[in-house]
Amino acid sequence: MAGLNGGGTSVIVRLEMHKEQVTFGKIATAIGDAGGDIVAIDVTRASKTTTTRDITVKVSDPQHTESIIAALKGIPGVRLINVSDQTFLMHLGGKIEVSPKMPIKNRDDLSRVYTPGVARVCMAIHEDPSKAHSLTIKRNTVAVVSDGTAVLGLGNIGPEAAMPVMEGKAMLFKQMAGVDAFPICLDTTDTEEIIRTVKAIAPAFGGINLEDISSPRCFEIEERLIEELDIPVFHDDQHGTAVVILAGLLNAVKLIGKPLESCKVVITGIGAAGIACTKMLLAAGVTNVIGVDRQGAIVHGVTYSNPAWEWYAANTNPHLQSGTLSDVIAGADIFIGLSGPGVLKVEDVKRMASDPIVFAMANPTPEITPEEAEPYVRVMATGRSDYPNQINNVLCFPGIFRGVLDCRASRITQEMKLAAAKAIASVVNDDELNEYYIIPSVFNHSVVEKVREAVIEAAYESGVARRRSPRELQDAHQE
Ligand SMILES: NC(=O)c1ccc[n+]([C@@H]2O[C@H](COP(=O)([O-])OP(=O)(O)OC[C@H]3O[C@@H](n4cnc5c(N)ncnc54)[C@H](O)[C@@H]3O)[C@@H](O)[C@H]2O)c1
Ligand SMILES: O=C(O)C[C@H](O)C(=O)O
Ligand SMILES: [Mg+2]
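So, how was this worked out
Residues numbered from 1 in each chain as written. Chains lettered and ligands numbered in written order. Predicted model: local features only at pLDDT ≥ 70, side-chain atom pairs only at ≥ 80, totals over all residues. Heavy atoms only, no water. UniProt positions renumbered as here; feature names shortened; annotations may be inferred. Core = buried A, V, L, I, M, F, W, Y, C linked by side-chain atoms within 4.5 Å. Buried < 20%, exposed > 50% of the residue type's maximum accessible area, 1.4 Å probe, protein only. Helix = DSSP H or I, 4+ residues; strand = E, 2+ residues; numbered from the N terminus. Contact = heavy atoms within 4.5 Å. Arc of directions from axis to C-beta. Pairing = 2+ DSSP bridges. Axes fitted to C-alpha atoms, helices over the stretch in contact; angles between N-to-C directions. Near = heavy atom within 4 Å. Polar contact = N/O pair within 3.5 Å; in protein donor to acceptor, adjacent residues only side chain to side chain. Areas by Shrake-Rupley, 256 points an atom, 1.4 Å probe, with all protein chains shown as cover. Nonpolar A, V, L, I, M, F, W, Y, C, P; charged D, E, K, R; others polar.

The protein carries the name NAD-dependent malic enzyme in an unreviewed UniProt entry, which gives Paenibacillus sedimenti as its organism. Recorded in UniProt under Sequence similarities (unreviewed entry), the annotation for the protein is "Belongs to the malic enzymes family."

Draft legend 1. The arrangement of the nonpolar core in detail. Ranked by size, the top nonpolar core spans 108 residues in total, and within it I208, I267, I336, F359 and I424 carry the most contacts. Looking at this core, the element that brings in the most residues is helix α10 (residues 236-256), giving 11 residues. Apart from the residues within four sequence positions on either side, I208 is in contact with A143, V145, V198, L229, I231, P232, V233, F234 and F401.

Draft legend 2. Inspection of helix α8 (residues 191-201) at higher detail. Among the residues of α8, those classed as buried are T191, I194, I195 and V198. For α8, the buried positions fall inside an angular range of 100 degrees around the axis, keeping them on one side. Exposed side chains of α8 directed beyond 90 degrees from the buried face belong to R196 and A200. Packed against the buried residues of α8 are β5 (141-146), β7 (207-210) and α9 (217-228).

Draft legend 3. A look at the sheet that holds β5. Judged by pairing direction, the sheet is parallel, and its 4 strands sit side by side in the order β6-β5-β7-β8 without closing on themselves. Where the open sheet ends on each side, the last strands, each with one partner, are β6 (180-185) and β8 (233-235). Neighbour to neighbour, the strand axes of the sheet diverge by 20 degrees on average, direction disregarded. Docked against the sheet, α9 engages β7 and β8, running at close to 165 degrees with respect to β8. The strands touched by helix α16 (residues 397-406) are β5, β7 and β8; relative to β7, the strand with the most contacts, the crossing angle is about 160 degrees.

Draft legend 4. Geometry of the site of ligand 2. In the vicinity of ligand 2, the contacting residues are L152, K169, E211, D212, D237, N363, N392 and N393. In the model, an oxygen atom of ligand 2 is placed 3.0 Å from a nitrogen or oxygen of the D212 side chain. Here an oxygen atom of ligand 2 and a side-chain polar atom of N363 are 2.8 Å apart. Look at ligand 2: alone it shows 270 Å² of surface, and the protein chains cover 82% of it.

Draft legend 5. Structural context of the side chain of E16. Relative to the elements of secondary structure, E16 occurs in strand β1 (residues 9-18). With sequence-adjacent residues up to four places away left out, E16 is seen in contact with T50, T51, T52, G77, V78, R79 and I81.

Draft legend 6. A look at the site of ligand 1. The environment of ligand 1 is formed by 23 residues, the closest being T241, A272, A273, D293 and I391. Contact between ligand 1 and G153: an oxygen atom at 3.1 Å from a main-chain N or O atom of the residue. Between an oxygen atom of ligand 1 and a side-chain N or O atom of S215, the distance comes to 3.1 Å. The protein chains hide 86% of the 850 Å² of surface that ligand 1 would expose on its own. Among the residues making up the shell around ligand 1, the classes are represented as 10 nonpolar, 10 polar and 3 charged.

This is how it looks when you write it as structure tokens:
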């Protein structure tokens, strides 16, 4: 399994070797001894006395890269020219671009896509604003909006640093579901300013995917935007995560034979994802949910300045368990981590009920590593792509937005989210279900289609779909 910091990556080391002083064998040994695995070698330049090579080395974490560089620098006759990291190379200049759907080949085309022809289209929308859905990118485009305050588990790293994640989400929207998504990172953390800004840009978009906005501001921002806009607004870290967790749990409990409703569930990290996940579990019939944040278990009777925790205390922890995570984890059937690295200890896992289910989902470093937890758990899941059972909101957001754009839903209801969770769970059939396969791969093509269908059906049942005829839906799907 890959290490936790770099996610397993490759570096390309360009070095110049003095032929009389050093052999390639010596270099290969040094790289191997420092923990690198050579996967490719290219000679980029050769002279009578020197050879310049690009050596591609697989490393499992950044420390390995540092050790390799140090080892190579210490070899006489080697000059290190450059080290490039494949992951960084993939980010050069950003990961997405805007490209037109058709070329403008001549003046006739120009007069249609632009002035004067475009004016007729503008006036048609002016007369009937709903036509923006069919005559502009609004039909298929979602804004991925962040303020950079809760980026993965990295915390408040700011809007510029948040961009690579939002660009990545845009790539996933397009590749998985054909949805055009645009990353927008805002240089403000003020709730009112964010609401105002998102409302101001909304005309161009068919949906708003809020991403990595810290709690509790994320709750008001989402609630107000849902009320004040007529396009769906979805805080992915809350609902996307909750949907996928429920999908994973529906399948995991099948394996251990305990009804989900009767399970004791302990959740750490009572932020955006933790609160939404709790609401989803309560909606699915679970009664014994205990939330733990930095100061310990959230319990009725204590006063909290965070209004979301006031709600939490009133609606969870029926047996009023207090104390640290280690105190309340005893006898838990399910642990869900939505906090930060290393929060759950092996000793805690050992004190859970039989056949424990551990979803350690902090990104990029989970609450406990699968290596540590594995001997003591029945089902283990993380948010990462390099371990089995990846519980990640990427299983939800592409399909849910594909569905709402296709049926032109005005909002995303709880029924639509529950339908999405069941749809994701249903992709794993009973013959396939096992401890290492409770949730489909993010590359499983059935996921988006099943989520889309379930969401559209639930949107019609909830009365929020604005596209009426099945023919229109079919057309949208085929475009
Ligand atoms: N796998 C996924 O799909 C997925 C989806 C969303 C979020 N996440 C992960 O969940 C985590 C939380 O995300 P969020 O958007 O809810 O952030 P958030 O900032 O809204 O909430 C995080 C909460 O965790 C608490 N916390 C942090 N460290 C803690 C600790 N050591 N002990 C107890 N509580 C602690 C914070 O006080 C806060 O209340 C992040 O690591 C994120 O990467 C994973
Ligand atoms: O971005 C991810 O991989 C999942 C999630 O949205 C997160 O914030 O961690
Ligand atoms: Mg996120």
